Amino acid sequence: MILTDEQRATFHDQGFLVFPSYFTDDELVGYKADMDSVQAQREAKEPSPYLCQLPHLGKLIVHPKTLSLVEEVMGPGFAFHHLHASRQGAGTPGSNWHQDYEQEPQTNRSHSMVHVFYYFNGLNGEVGDLVVLPRTQKTVIANGALSHLGQQVLPGEIVVDNLPPGSAVLVYSALWHARRAKPGGEDRVRYFADASYCQAGVKWPSYHNAQWRDILAAARENLGHESLFAEEHFFDVREAKAAWKERQGSLALDILPTV
Ligand SMILES: [Fe+2]
């Protein structure tokens, strides 16, 4: 077990947990090297492999510590949703208040989804701070419903701006959070990645790009873990969104018995 009973209780109550120095220095060298090579390919407009195909970032998805952590908070049986990785430097814009729980449309929180935020170079108050609003993970709102708040200070928020290299933050995906832009960062690039996982038992919206099935297939081929990367956990999010966005009135009418 990675979590103490107290940590697990705190996570369920507050909606997030911080793990300073989650990785070893050796692991960080590999993650940052992968991110540097992806960045060079993006800047050269060259095609780059899926992140799950990279030697270090791929294995990050199935890092034993992370898989244990996810299992400890949501139980056995879960799906990988996505991995993002981006190098952020001076002037990188922030990200407005939002939540990342996947559901079409947003109606309940019956099953858990978590994100793990990775800060390979730590957080030092430059570029952007992670801000979270504890205990908002049970509130059902659309992902972008908070964007009018921008990155302003909200009562009760927690600012995470001081973490050693290789730290991780586990959050309920539905927790309200933002990256509040900060000055600085000219001398210290931010290496940020996030991975997310969905509790098995319901079908989840797929990743939002047309290659989601290919990405899962590549992950199965490179990393094993058939059930973690199984297509059956998902439906195509773009088809589903198109289907309900045009609807008028209450979707609940679709499941009421006819009278
Ligand atoms: Fe987010």
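Residues numbered from 1 in each chain as written. Predicted model: local features only at pLDDT ≥ 70, side-chain atom pairs only at ≥ 80, totals over all residues. Heavy atoms only, no water.

### Some words on the packing of aromatic side chains
Counted by the stated rule, this structure contains 16 aromatic pairs. Residues Y22 and F23 carry aromatic rings whose centres are separated by 4.9 Å and whose planes lie at 90° to one another, so their mutual orientation is edge-to-face. Judged by relative accessible area, Y22 falls into the buried class, the value being 4%. A ring pair is formed by W212 and F234, whose centres lie 6.1 Å apart and whose planes are at 70°; its orientation type is edge-to-face. Of the two residues, W212 is situated in helix α5 (residues 212-223) and F234 in strand β11 (residues 234-235); the sequence distance between them amounts to 22 residues. Exposure class is identical for W212 and F234. Each is buried. (Phe/Tyr/Trp six-rings, centres within 6.5 Å; stacked < 30°, edge-to-face > 60°. Buried < 20%, exposed > 50% of the residue type's maximum accessible area, 1.4 Å probe, protein only. Helix = DSSP H or I, 4+ residues; strand = E, 2+ residues; numbered from the N terminus.)

### Description of the sheet that holds strand β6 (residues 158-160)
Pairing between the strands of a sheet is mediated by backbone hydrogen bonds and can be parallel or antiparallel. If you trace the four strands from one edge of the open sheet to the other, you get β3-β8-β5-β6, paired in antiparallel fashion. Two strands bound the open sheet, and with one partner strand each, they are β3 (95-98) and β6. Ignoring which end each strand starts from, the neighbouring axes of this sheet average 25° apart. Relative to strand β8 (residues 176-181), strand β5 (residues 128-133) runs antiparallel, the two being bridged by six bridges. The residue of β8 that forms the bridge with G128 is A181. (Pairing = 2+ DSSP bridges. Axes fitted to C-alpha atoms, helices over the stretch in contact; angles between N-to-C directions.)

### Points about the coordination of the iron ion
The protein atoms that coordinate the iron ion are H98 (NE2), D100 (OD) and H177 (NE2), at distances spanning 2.1 to 2.2 Å. Counting gaps between the donor residues of the iron ion yields the pattern H-x1-D-x76-H. What makes D100 partly exposed here is its relative accessible area of 21%. (Donors = N, O, S within 2.8 Å, 3.2 Å for Na, K, Ca; no water.)

### Regarding the nonpolar core
Ranked by internal contacts, the top residues of the largest apolar core, which has 52 residues, are L57, Y118, F120 and Y197. In terms of residue count, the dominant contributor to this core is α5 (six residues). Not counting residues up to four positions away in its chain, the partners in contact with L57 are Y31, D34, M35, L51, L83, A85 and F120. (Core = buried A, V, L, I, M, F, W, Y, C linked by side-chain atoms within 4.5 Å. Contact = heavy atoms within 4.5 Å.)

### Some details on the sheet that holds strand β7 (residues 167-172)
Read across the sheet, five strands follow the order β1-β7-β4-β9-β2 without closing on themselves; strand pairing throughout is antiparallel. Of all strands in the sheet, those bounded by a partner on one side alone are β1 (16-19) and β2 (78-88). Within the sheet, the average angular offset between the axes of one strand and its neighbour, ignoring direction, is 15°. With six bridges joining them, strand β4 (residues 113-119) and β7 adopt antiparallel strand pairing. Across the sheet, residue Y119 finds its bridge partner in β7, namely S167.

### Section: the side chain of D34
Structurally, D34 is set in helix α2 (residues 25-43). No salt bridge is formed by the buried D34; its nearest oppositely charged neighbour, K59, is found at 8.3 Å. Setting aside its immediate chain neighbours within four residues, D34 contacts L54, P55, H56 and L57. (Lys, Arg positive; Asp, Glu negative; His and termini not counted. Salt bridge = Lys/Arg side-chain N within 4 Å of Asp/Glu carboxyl O.)

### Comments concerning unusual backbone geometry
For the bond running from E104 to P105, omega is -20°, close enough to zero to count as cis. Considering the arrangement of structural elements, one finds P105 in the loop between β3 and β4. Even without being a glycine, R135 presents a positive backbone phi close to 70°.

### Section: the pairing of β5
Taking burial as the measure, the six residues of β5 include six buried ones, the bulk of the element. Burial of β5 is two-sided: the residues G128, L130 and V132 facing one way and the residues D129, V131 and L133 facing the other way are all buried. Summarising the sheet, β5 and β6 pair through three bridges and their orientation is antiparallel. Bridge pairing links V131 to V159 in β6.

### Looking at the pattern of salt bridges
Within the structure shown, the criterion is met by 10 salt bridges. Between D13 and R135 there is a salt bridge, with the nearest N and O atoms lying 2.8 Å from each other. Here the residue D13 occupies a position in helix α1 (residues 5-14), and R135 occupies one in the loop between β5 and β6, the gap between them amounting to 122 residues. With a relative accessible area of 33%, D13 lands in the partly exposed category. Taking relative accessible area as the criterion, R135 reaches 54% and is therefore assigned exposed. The closest approach of N and O atoms between E231 and R213, which form a salt bridge, is 3.2 Å. Separated by 18 residues along the polypeptide, E231 in the loop between α5 and β11 and R213 in helix α5 bring together distant segments of the chain.

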